[in-house]
Amino acid sequence: MTAKKIDCHTHIVNDNIKREYFLNTDGFALVMPFIDKFKANSPPDDAYETVKNDSRLFLCPSIDISSDIPEQLADIEKSLSSYRIVGLKIYLTYQAGRADDERLMCIYEFAKKHNLSVTYHTGSVSLVLPSDGDMEGSNAKYVRNVAERFPEVNFIVAHMDDPRYDECIRVMHGVNNMFTDFSGAYEPGTKEGGDIDWAVDTFAKAINQYPDTYKQIIYGTDFCPPINLSAIDEYDYTIKRIFKPSQFEDIYFNNCIRAFPKLKNYIKE
């Protein structure tokens, strides 16, 4: 396939997870810390230091939208260069709220100021993490509203708004600062995890609505074995089934660089 990979969605939040990840694959990876809401159900989170100590990793700090947002942004601003921060993460569905809520606008202004991208959890949630269950709030149509309001910022609709796959692609098609992935799809206990070929066919149906959708798809795994997310080879299989070999480098690398432009500060193509 391709020798160049950037995994744009992982939870490599400690050294044990990092070791397991790089035993199974190579390349670069973006790390998204957890929020306090998950503490009792998630692994020990030392994401900042894990990233700082490994040049293959980059950080997307998470914003707890139930807490003081400006205060969190001020703390992140102090860490921008020390921790190779390239984006921000917002856990919609898990936390009640819409991407276009006015109280979140300061996040996008901050992202614009510092050339950061914004990744949202959208759609269905983990089977093991607590959630507010706000499925409607995480709908990709609200992300589109923000993408149109902030054309200088890139927005990533993680998980293709599971299970609203077809609608997600229709909403984001042609909006050049919107991207999506199918990371986290193969969690045991989910329909996708139980039938990978059904999942591939479902993703392909959504993606193939338009011939140029591949330009907005990025590679991500959601890797975090302590919360039952250990699939890696399954994503290679999925990409091989859906996309043409001539598109692999875009999916694995080029689109990721476009989606997270600050990566260019650290990855020399």
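Structure: see above.
In what follows, the accompanying structure is described.

1. A look at the overall build of the protein
The number of helices and strands found in the protein is ten helices and eight strands. Compactness check: the protein gives a C-alpha radius of gyration of 17 Å against a globular reference of 18 Å for 269 residues, within 12% of the reference. Along the longest, intermediate and shortest principal axes, the C-alpha atoms of the protein span 45 × 40 × 40 Å. In the protein, which comprises 269 residues, the share counted as buried stands at 59%. Relative to all contacts within the protein whose residues are 6 or more apart in sequence, the contacts with residues 24 or more apart total 75%. In the form shown here, the protein has an accessible surface area of approximately 10800 Å², with 46% of it arising from carbon and sulfur atoms. Across the protein, 30 positive and 41 negative side-chain charges occur, with their mean positions spaced 5 Å apart.

2. Examining the layout of surface pockets
By volume, the largest pocket is sized at about 470 Å³. Lining the largest pocket are 21 residues, and of these Pro33, Phe34, Ile35, Asp36 and Ser62 sit closest to its centre. Among the elements of the structure, α2 (47-52) and α3 (69-78) are those that each provide at least two residues to the lining of the largest pocket. With four residues, the single largest contributor to the lining of the largest pocket is α3. The residue makeup of the lining of the largest pocket, split by class, is nine nonpolar, four polar and eight charged. Each pocket or cavity is described by its volume, and for the second largest pocket that value is around 330 Å³. Around the second largest pocket sit 25 residues that line it, and Ser124, Val125, Ser126, Gly184 and Glu187 are the ones nearest its centre. Residue composition of the lining of the second largest pocket, grouped by class: eleven nonpolar, nine polar and five charged.

What counts, and where the lines are drawn
Residues numbered from 1 in each chain as written. Predicted model: local features only at pLDDT ≥ 70, side-chain atom pairs only at ≥ 80, totals over all residues. Heavy atoms only, no water. Helix = DSSP H or I, 4+ residues; strand = E, 2+ residues; numbered from the N terminus. Rg over C-alpha atoms; globule rule 2.2 N^0.38 Å. Buried < 20%, exposed > 50% of the residue type's maximum accessible area, 1.4 Å probe, protein only. Contact = heavy atoms within 4.5 Å. Areas by Shrake-Rupley, 256 points an atom, 1.4 Å probe, with all protein chains shown as cover. Lys, Arg positive; Asp, Glu negative; His and termini not counted. Charge placed at Lys NZ, Arg CZ, Asp CG, Glu CD. 1 Å grid on protein atoms, 1.4 Å probe; cavity = no way out; pocket = protein on both sides within 12 Å on 5 of 7 lines; lining within 4 Å. Points joined across faces, edges and corners; volume = space filled by probe spheres on them. Nonpolar A, V, L, I, M, F, W, Y, C, P; charged D, E, K, R; others polar.

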